[in-house]
Protein chains: 4
Amino acid sequence: MIYIRKANYHETDQMGVIHHSNHLKYMEEARIAFLDSLGLSYRKMEEEGMISPVNHIELDYLSPILFGDEVYISLNIIEYTGVKISFEYTMTDKDNTKTYLKAKSKHCFVKNNKIISLKREYLDIHNTITEYYEANKTL
Amino acid sequence: MIYIRKANYHETDQMGVIHHSNHLKYMEEARIAFLDSLGLSYRKMEEEGMISPVNHIELDYLSPILFGDEVYISLNIIEYTGVKISFEYTMTDKDNTKTYLKAKSKHCFVKNNKIISLKREYLDIHNTITEYYEANKTL
Amino acid sequence: MIYIRKANYHETDQMGVIHHSNHLKYMEEARIAFLDSLGLSYRKMEEEGMISPVNHIELDYLSPILFGDEVYISLNIIEYTGVKISFEYTMTDKDNTKTYLKAKSKHCFVKNNKIISLKREYLDIHNTITEYYEANKTL
Amino acid sequence: MIYIRKANYHETDQMGVIHHSNHLKYMEEARIAFLDSLGLSYRKMEEEGMISPVNHIELDYLSPILFGDEVYISLNIIEYTGVKISFEYTMTDKDNTKTYLKAKSKHCFVKNNKIISLKREYLDIHNTITEYYEANKTL
């Protein structure tokens, strides 16, 4: 999936570039749009009492994003175990001539303050993710 | 009450000043510190199911805040009815030679999605606020 | 002009709504998109050394914005003097059945740390704004 | 060095915890306070035309930070080459009974859009950092 995001003025800092904390926000937006595209609404998941906190993030800042830039965020699942899920992100410009960022994030699923297995407790969601993961696995 | 707040790098924008949305965050921090100083913990209020949303804000931006500046925020209650509360804020530098911002905010109190009267439902809190308000009223 | 903006998860607070400081960011985005639609690129204006700081803002928070909501921001110029410009904003849902916010903002134009008159120093920009303002004035 | 930071309400999200993008802001604040404690003012460095962008960040989110929590951020230099510098961060509560986050960040130094060697171009700064690094190296 590609999520497109225009960089906003209020996200810049006095270095004249998008502040590096915003890349995490862009990644979150892409992740939520991606889940939506699979028919998994994060809003609905939360309404049913489930959350998916971030456990680990790694970011390589390769080129600064400037105010007004259109950022193309491609996202893929790189690991899914039924309990943990990991995503990989690449942010580029439209023509893919400039790479802004490469990143990874790892998440679990929590209900009633306990880590749960989607495989055991939300088989529908588990199957949807598994199907996508298997079909898009990069060898 | 005076709440002192150092302006952070991540709050700047590419104009080279603290972005104007952060002033609302500084005001919120000052408001919460002020309630704390009265013995009213906002964290505890929320744990008891009460929230205090913002209804109205007015801001006059008088002088830009720069990264590293120490901002002195003085805060006063300018109206309290038992149902609504209004605050007034002045942000200056340490020596009061520069005024960054003058602002006002108006709030109500909500429980179970309904506006409540502190006077009727939280008499302790009502009395604490009333006492402060009466003692610090500017004529 | 209508600027459409989806409310993001990272903009929520623990009250379960979009934090009230983000409304200023939505307003800024709408303002910049509006200037773009007039052929006035804020990015280009800054590259030529001009900035347009905020002098005054007033906000009436009428209904909370929730994560995932599509916010329709309509914007109009309510005053333009050649030196100062004021905007009016209304944020609603798609069907205009719910109003989230009504707000106003006032701005000036600054170059080399001095307030300038667009009328005297940037006649092109002045004429573009005047034309729009006169054509869209609400009586 | 230990940098102490109270978690703010406006930093929470609707999960009821400090949003994970804010940890990067806390790290930046700690880094700037640390440089200050060495006599190296980041504000002054920028005024002289030097910036220090982020190249790489890794974060392990171990325990959620809640509104009102006092976060103790300890920071150390784990690598310094004269051209690149890496920091390590640990965020805990006051009594060190809870660890919120462990993280690393890598930075370079840039002047006139070029990566520079502090060793060659800012020997004073280079010596200050080297001295601290050698004295606090963990074996």
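Structure's up top.
Predicted model only: the values in this text are computed from it and were never measured. (Residues numbered from 1 in each chain as written. Chains lettered and ligands numbered in written order. Predicted model: local features only at pLDDT ≥ 70, side-chain atom pairs only at ≥ 80, totals over all residues. Heavy atoms only, no water.)

**Topic: the interface of chain A and chain C**
Argument step 1. Taken together, the contact between chain A and chain C spans 17 residues of the former and 17 residues of the latter.
Argument step 2. With both chains or domains summed, chain A and chain C bury close to 1,500 Å², and 51% of this area falls on carbon and sulfur atoms.
Argument step 3. There are two salt bridges connecting chain A and chain C.
Argument step 4. The tally of links from chain A across to chain C stands at twelve residue pairs in polar contact (both at pLDDT 80 or more).
Argument step 5. Among the secondary structure elements, those contributing two or more residues to the side of chain A that touches chain C are β1 (2-6), α1 (22-37) and α2 (42-47) of chain A.
Argument step 6. A per-element tally of the side of chain A that touches chain C places α1(A) first, with five residues. (Contact = heavy atoms within 4.5 Å. Buried area = accessible area lost by both parts, 1.4 Å probe. Salt bridge = Lys/Arg side-chain N within 4 Å of Asp/Glu carboxyl O. Polar contact = N/O pair within 3.5 Å; in protein donor to acceptor, adjacent residues only side chain to side chain. Helix = DSSP H or I, 4+ residues; strand = E, 2+ residues; numbered from the N terminus.)

**Brief notes about the pattern of salt bridges**
Argument step 1. Counted according to the given criterion, the structure contains 16 salt bridges over all chains.
Argument step 2. Here A:Arg5 makes a salt bridge to A:Glu29, at a shortest N to O gap of 2.7 Å. One end of the pair, A:Arg5, is in strand β1; the other, A:Glu29, is in helix α1, and 24 residues separate them in sequence.
Argument step 3. Residue class for A:Arg5 comes out buried when judged on its relative accessible area of 7%.
Argument step 4. According to the relative accessible area criterion, A:Glu29 is buried, its value standing at 6%.
Argument step 5. Notably, a salt bridge pairs C:Asp69 with A:Arg43, separated by 3.3 Å at the nearest N-O pair. (Buried < 20%, exposed > 50% of the residue type's maximum accessible area, 1.4 Å probe, protein only.)

**Concerning the interface of chain D and chain A**
Argument step 1. Opposite the 22 residues of chain D that make contact, chain A presents 22 residues.
Argument step 2. Surface buried jointly by chain D and chain A totals about 1,900 Å² across both partners, of which 56% is contributed by carbon and sulfur atoms.
Argument step 3. Across the chain D-chain A interface, the total number found is twelve residue pairs in polar contact (both at pLDDT 80 or more).
Argument step 4. Those elements that provide at least two residues to the side of chain D that touches chain A are α1 (22-37), α2 (42-47) and β3 (54-61) of chain D.
Argument step 5. With eight residues, the top contributor of residues to the side of chain D that touches chain A is β3(D).
Argument step 6. Along the lines of polarity and charge, the residues of the side of chain D that touches chain A split into nine nonpolar, seven polar and six charged. (Nonpolar A, V, L, I, M, F, W, Y, C, P; charged D, E, K, R; others polar.)

**Comments concerning the pairing of strand β5 (residues 84-92) of chain D**
All names here are of chain D.
Argument step 1. Counting buried positions along β5 yields seven of nine residues, so the element is predominantly enclosed.
Argument step 2. Bridging between strand β4 (residues 70-80) and β5 involves eight bridges; their strand directions are antiparallel. Counted as the bridge partner of Leu75 is Tyr89 from β5.
Argument step 3. In this structure, the hairpin formed by β4 and β5 is closed by a connection of three residues, where Gly82 is found at a positive phi of approximately 95 degrees.
Argument step 4. Pairing of β5 with strand β6 (residues 99-108) involves nine bridges; the strand directions are antiparallel. Each bridged residue has a counterpart across the sheet, and for Thr90 the counterpart in β6 is Lys102. (Pairing = 2+ DSSP bridges.)

**Some details on helix α4 (residues 123-136) of chain A**
All names here are of chain A.
Argument step 1. Counted at 1.5 Å a residue, the expected span for α4 with its 14 residues is 20 Å, and the 20 Å between its end C-alpha atoms agrees.
Argument step 2. Along α4, the residues classified as buried are Ile125, His126, Ile129, Tyr132 and Tyr133. Buried residues of α4 fall within an arc of 140 degrees about the axis and therefore sit on the same side. Seen from the buried face of α4, the exposed residues on the opposite side, beyond 90 degrees, are Asp124, Glu131 and Ala135. (Expected span 1.5 Å × (residues − 1). Arc of directions from axis to C-beta.)

**What about the sheet that holds strand β3 (residues 54-61) of chain A?**
Argument step 1. Spatially, ten strands are ordered β1(A)-β4(A)-β5(A)-β6(A)-β3(A)-β3(D)-β6(D)-β5(D)-β4(D)-β1(D) in an open sheet, and the strand pairing comes out antiparallel. In this open sheet, the two strands that pair with only one neighbour each are β1 of chain A together with β1 (2-6) of chain D. In this sheet, adjacent strand axes meet at a mean angle of 20 degrees when their direction is disregarded.
Argument step 2. Sheet topology places β3(D) next to β6(D); seven bridges connect them, and they run antiparallel. Residue pairing in the sheet places D:Ile57 in a bridge with D:Ser105 of β6(D). (Axes fitted to C-alpha atoms, helices over the stretch in contact; angles between N-to-C directions.)

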